[in-house]
Amino acid sequence: MSKHIVVVGGGPAGYVAALHATSLGARATLIEADSLGGTCLNRGCIPTKTLVAACSLLEGIRSAAGFGIDIQGGVSARWPAMLANATRVVGGMKQGVRALLSQRGVELVSGHARLHGERTVHVDGHGSVHGDFVLLCTGSRPVRPKAFPFDGRTVCTSDDLLQWDSLPASIAIVGDGVIACEFAFILNTLGVAVTIVGASERPAAMLDLDISAVLGREMRKKGIRFLGGAPVEQIVAAGDGVEVRRGGGDTVKAERALVCVGRSPNTEGLQLEAAGLAVGHRGEIFVDPFMQTCAAGIYAAGDVTGRVTLAHAASAQARLAVEHMLGHAPAPIDDALIPTAVFTAPEIGCVGLTEQAARAAGIEVRTGSFDTRGLGKAQAMGALAGLTKVVADADSGRVLGVHIIGAHASDMVHEAVAAMQYGASVDDLVATIRAHPTLSEGLSEAAEDVFGQATHKPIARPRGERHALAA
Amino acid sequence: MPLPPEQSFHAEHLWVRPLPDGSALVGISSYAAERLGEVVYVDYPRPGSDIAQGTAFGTIESSKVVSDLVAPVDGHVLETSEGIDQSLARVNADPEGEGWILRIRPATEPGPEPLFTAEQYRRQLGDPG
């Protein structure tokens, strides 16, 4: 008899788990309290990337004259229509997910779930469901510091922003991480005066310094103001807008404030204690490398574990959990090989260790980089801004990280992910032939630059030294 | 050693020229401008910040390359050419004149690294003219 997996939460962890379970011959029940697709599809990745695509098109139209194209008449962005387009895209994808679940025979239950003893889930209005296994995938939500006067409009989170009926003239974005930076570029393109107010010294501080430096330069180029180095202590209503007060006493005034200071796991109301589950200080559910909680038969995957708050990580964790439940002996996920995609302008794709993290870990590294503007394809596209950087172990030559900022970086990074998955060396990257003219050629050049021998850069190290990393 | 009264050049291809009021202009050499090609963006330091000889205070971006702007002397930034009409075009058209990038208050001691006269600088570049 097939195993029965009860999945709580229908986001990129939960619905993927249910689909994967059925493909492996298990029976799946998927419980979702809100809307299929989770944050990613409803309030995150997909609607925001639809907005990013609209902004990219708008920028393209604005720069059309440089390509010899005259635009007759004015060009303007209509925010409500842009949101409507995002809603249309989301709706279509949700239908797709629902159809897939139906085709696989996944039992879909709509309602709030809470644990009710051993491997049993109670769903409001539906009674209890008992499975061989339970997988908790309840996701996360934006952190809303109690000191900030959230009203959904003047002071809001990214969830609220997608409900706005109009754009403000100015905004203070509180936070300097990925979501803050993405919204900074979207709103700046749409004519909003943007100030990022962050605690870090630089935008997206988790990124490699060289990538963050290019990002910072692109912000300045576009007129996005970045005020880093001091946390926001207070947001107060002031006249028609807000005052964002930082440690150190300075203040930023804006029409609205968007707070992007992290995400918090959704564990309230799950009655975790009924299954003997403990949570961390952020509310995250602790899991082992196979996504098992401390309660037998209960697993968790995705943002609710607080591990890697990325949709693709959630899906990978969910698949791993299901395979482990069904006795397929999967290999644990190496978090270092989970890529990051940041949809700023230009976008960013990264995998593995930054140069700074590698050095901090005591690894002797050699790095190579190549400026995107050195590529024929980038020149043809008029997409000059960007950099590809390779971080390698100086002794073995093994690739430890690849960091790309530039057009299509979020797509290009996967070559590096695959290479690193198979333990590639810098020599392997150099030996790979990439089509010309493509943006991927930047990886060839950056890898060659690790040896100081990039084809399209002044030579930094003579051939006589050979490609010896430890030289 | 005080700042020479004439326009003088640093090995990293920026020049400094004292003005009568005690401030000084800083810009890139014609050689650097020619190598860069069309300048598309200058990442300026903030007025009020300090620059240090031999250290990058910003970047200059052309269609071909992004290069550090390395300070020719120690000083305090009074003004940048950001926002001045046609400032980027001026860098290309007249890099050693109207295409200045910063106005600074030079430090009393401009720094330990050598500064060269225009003639010395061009001789170093192998320019016989």
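Please read all numbers here as calculations on a predicted model, not as lab measurements. (Residues numbered from 1 in each chain as written. Chains lettered and ligands numbered in written order. Predicted model: local features only at pLDDT ≥ 70, side-chain atom pairs only at ≥ 80, totals over all residues. Heavy atoms only, no water.)

A. Layout of the side chain of A:R217. By secondary structure assignment, the location of A:R217 is in helix 7 (residues 209-222). Once you skip the residues sitting within four places of it in the chain, A:R217 turns out to touch B:Y41, B:D43, B:T59, B:E61 and B:V66. (Helix = DSSP H or I, 4+ residues; strand = E, 2+ residues; numbered from the N terminus. Contact = heavy atoms within 4.5 Å.)

B. Just the pairing of strand 8 (residues 75-80) of chain B, in detail. Residue and element names in this part refer to chain B. Two strands pair when backbone bridges link them, and strand 5 (residues 50-51) and strand 8 are joined in this way by two bridges, in the antiparallel orientation. Note on strand 8: the bridge partner recorded for D50 is H76. In this structure, strand 8 lies alongside strand 9 (residues 102-106), joined through five bridges in antiparallel fashion. Residue pairing in the sheet places T80 in a bridge with L102 of strand 9. (Pairing = 2+ DSSP bridges.)

C. A look at helix 13 (residues 441-450) of chain A. All names here are of chain A. Among the 10 residues in helix 13, 10 count as buried, and that is most of the element. Listed in full, the buried residues belonging to helix 13 are E441, G442, L443, S444, E445, A446, A447, E448, D449 and V450. Residue G452 follows helix 13 closely and has a positive phi angle near 70°. (Buried < 20%, exposed > 50% of the residue type's maximum accessible area, 1.4 Å probe, protein only.)

D. Up close: the interface of chain B and chain A. Contact with chain B, which involves 10 residues of that partner, is made by eight residues of chain A. Buried surface at the junction of chain B and chain A, both sides included, amounts to about 750 Å², of which 45% is carbon and sulfur. Run the count over chain B and chain A and you get four salt bridges. In this structure, A:R217 and B:E61 form a salt bridge, with 3.5 Å as the shortest nitrogen-oxygen distance. If you list the elements that add at least two residues to the side of chain B that touches chain A, you get strand 4 (39-43) and strand 6 (56-62) of chain B. Tallied by class, residues from the side of chain B that touches chain A come to four nonpolar, three polar and three charged. (Buried area = accessible area lost by both parts, 1.4 Å probe. Salt bridge = Lys/Arg side-chain N within 4 Å of Asp/Glu carboxyl O. Nonpolar A, V, L, I, M, F, W, Y, C, P; charged D, E, K, R; others polar.)

E. Here's a closer look at the sheet that holds strand 4 of chain B. With antiparallel pairing, the three strands of this open sheet are ordered in space as 4-6-7 (chain B). Where the open sheet ends on each side, the last strands, each with one partner, are strand 4 and strand 7 (66-70) of chain B. Within this sheet the neighbouring strands show an average axis-to-axis angle of 25°, counted without direction. Two elements, strand 6 of chain B and strand 7 of chain B, share five bridges in a ladder whose sense is antiparallel. Counted as the bridge partner of B:E61 is B:V66 from strand 7 of chain B. Sheet contacts for helix 7 of chain A: strand 4, strand 6 and strand 7 of chain B; angle to strand 4 of chain B, the most-contacted strand, approximately 105°. (Axes fitted to C-alpha atoms, helices over the stretch in contact; angles between N-to-C directions.)

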